[in-house]
Amino acid sequence: MRNQTILTETIEGIEQTLGNDLDRVCVERAAIGLFFTGVKLNTGAAGACATPLRSIPEAVCCPSSAMAMPFPGKLQGRPARELLKEVDAASGIRRAVGVATMNALADMCWEHHARQDVELRVGVDAYDAADIRPTDHVVVVGAFVPFLKSLKRARQRFNVLELDPATLKPDELPYFRPADQAAEVLPLADVVLITGTTLVNDTLEQILALCRPAARVVVVGPTVGLLPDAFLRRGADVLGGIRVIAPDAFLDVLAEGGSGYHFFGRSAEKVVLMRPAMQSELRAAE
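All values derive from a computational prediction rather than experimental measurement. (Residues numbered from 1 in each chain as written. Predicted model: local features only at pLDDT ≥ 70, side-chain atom pairs only at ≥ 80, totals over all residues. Heavy atoms only, no water.)

Caption draft 1: View of the sheet that holds strand β5 (residues 137-141). With mixed pairing, the eight strands of this open sheet are ordered in space as β4-β11-β10-β9-β8-β5-β6-β7. The open sheet is flanked by β4 (119-122) and β7 (176-178), the only strands paired with a single partner. Neighbour-to-neighbour, the strand axes of this sheet turn through a mean angle of 25°, independent of strand direction. (Pairing = 2+ DSSP bridges. Helix = DSSP H or I, 4+ residues; strand = E, 2+ residues; numbered from the N terminus. Axes fitted to C-alpha atoms, helices over the stretch in contact; angles between N-to-C directions.)

Here it is in C-alpha cells:
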C-alpha cells in the first residue's frame, strides 16, 4: 500500500478516473527546460512541473551527474502509467517528469469528469483569488517573484519563508525568515501563499499542516495540477495552476529556457480551482 501523500493520492484519483483508458496513453513529446519540465501526451493533453535545478550536480559531464538526467532519447512513446512511478524517484529530474505527466493526466481527468463542488476559473490570478485584505498578515513560502511584487506594491504586511536568502532582492530581505522557522511563522498567518515547487521537494504536506484552519491557503505554480482533492483535504483553499492550450508551442518555449513570462497568454493560460466558500468571497469582491 502506498504511503499516502498529495502525489500518491492524486495518482490514485487519476487511475480511478481514467481506468483502462490510462493504458492507451503514452508520451508524445517532452522538454526539460531551465525553469519548467513539460510533457505532452498522445491524447493532446499536456502538463508541467518546476525543474528542480538545485538537484542537478554541477559537474554535468561526470557519469554520476548524468544519472540525474536519465531520459534523453527514451521518453517518446513511454507509457504514461510507467512515468507516474517517477514521482517517487530520488532524482529531482525524474520526479519532475513524473509530476508533469501526472498533471497532463489530471487535465484529461478534468475533461472526463468536470467537478461540481470545485470551480475552475480561467484567466484568474491566484493572488487575486487569495482575497488578501489590508489587515492580513501574509506568509509567502518560496520567493515567488510575482507575489512579492504585488505585496510590496500594496504595502502589505508579509514574511517570506525561503531556504536561500540570495534569491531575494535587497528591499525584500527585511521580510525574510529562514525556512527552518516555519513552525513559528506559519501559525501567525492569515493568508499563506505557497509555491508549487514544495510538492516536488517533499515539504508541502508539512507546510499545510502548520497553517491555521482559519487561514486562506493558496498553492500556486505550473507544478499544481487540476485534481484538487488531496490538496483540499490538507487545508488548501485555492490552487493556482495552468492549462496548456498549445502543447507544442509550450514545449518549444520550455526547451528554449522560457518561463511563465513567455508562455502565459500564448501557449498556456492561468487557472484557479477553489472551494465553494472562496468562490462566493471572490465574486463579492468583484
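Caption draft 2: Quick look at the side chain of Arg95. When you line up the elements, Arg95 lands in helix α4 (residues 92-112). Among residues more than four places away in sequence, those in contact with Arg95 are Glu86, Val87, Asp88, Ala89, Leu199, Val200 and Asp202. (Contact = heavy atoms within 4.5 Å.)

Caption draft 3: Highlighting the pattern of salt bridges. Counted under the stated rule, the structure contains 20 salt bridges. In this structure, Asp252 and Arg29 form a salt bridge, with 2.4 Å as the shortest nitrogen-oxygen distance. Remark: Arg29 occurs in strand β1 (residues 27-32) and Asp252 occurs in helix α10 (residues 247-255); sequence separation between them is 223 residues. Here Asp252 falls in the partly exposed class, since its relative accessible area comes to 35%. Taking relative accessible area as the criterion, Arg29 reaches 27% and is therefore assigned partly exposed. A salt bridge links Asp136 to Arg216; the nearest nitrogen and oxygen atoms lie 2.4 Å apart. Residue Asp136 is found in the loop between α5 (126-129) and β5, and its partner Arg216 is found in strand β9 (residues 216-220); the two are separated by 80 residues along the sequence. With respect to class, Asp136 is no different from Arg216; both count as buried. (Salt bridge = Lys/Arg side-chain N within 4 Å of Asp/Glu carboxyl O. Buried < 20%, exposed > 50% of the residue type's maximum accessible area, 1.4 Å probe, protein only.)

Caption draft 4: Seen up close, the sheet that holds strand β2 (residues 36-41). The strand order β1-β2-β3 describes an open sheet built from three strands, whose pairing is antiparallel. In the strand order of this sheet, the two ends are held by β1 and β3 (46-50), each with one partner. For this sheet, the mean inter-axis angle between neighbouring strands, taken without regard to orientation, is 15°. Across the face of the sheet, α10 comes into contact with β1, β2 and β3 while running at roughly 155° to β2.

Caption draft 5: Spatial organisation of helix α6 (residues 145-153). Among the residues making up α6, those that are buried are Phe147, Leu148, Ser150 and Leu151. Here the buried residues of α6 occupy an arc of 165° about the axis, which is enough to place them on one side. Check the buried side of α6 and you find it contacts α5, β5, β6 (157-162), β8 (191-195) and β9. Phi for Arg155, located one or two positions after α6, is positive at around 55°. (Arc of directions from axis to C-beta.)

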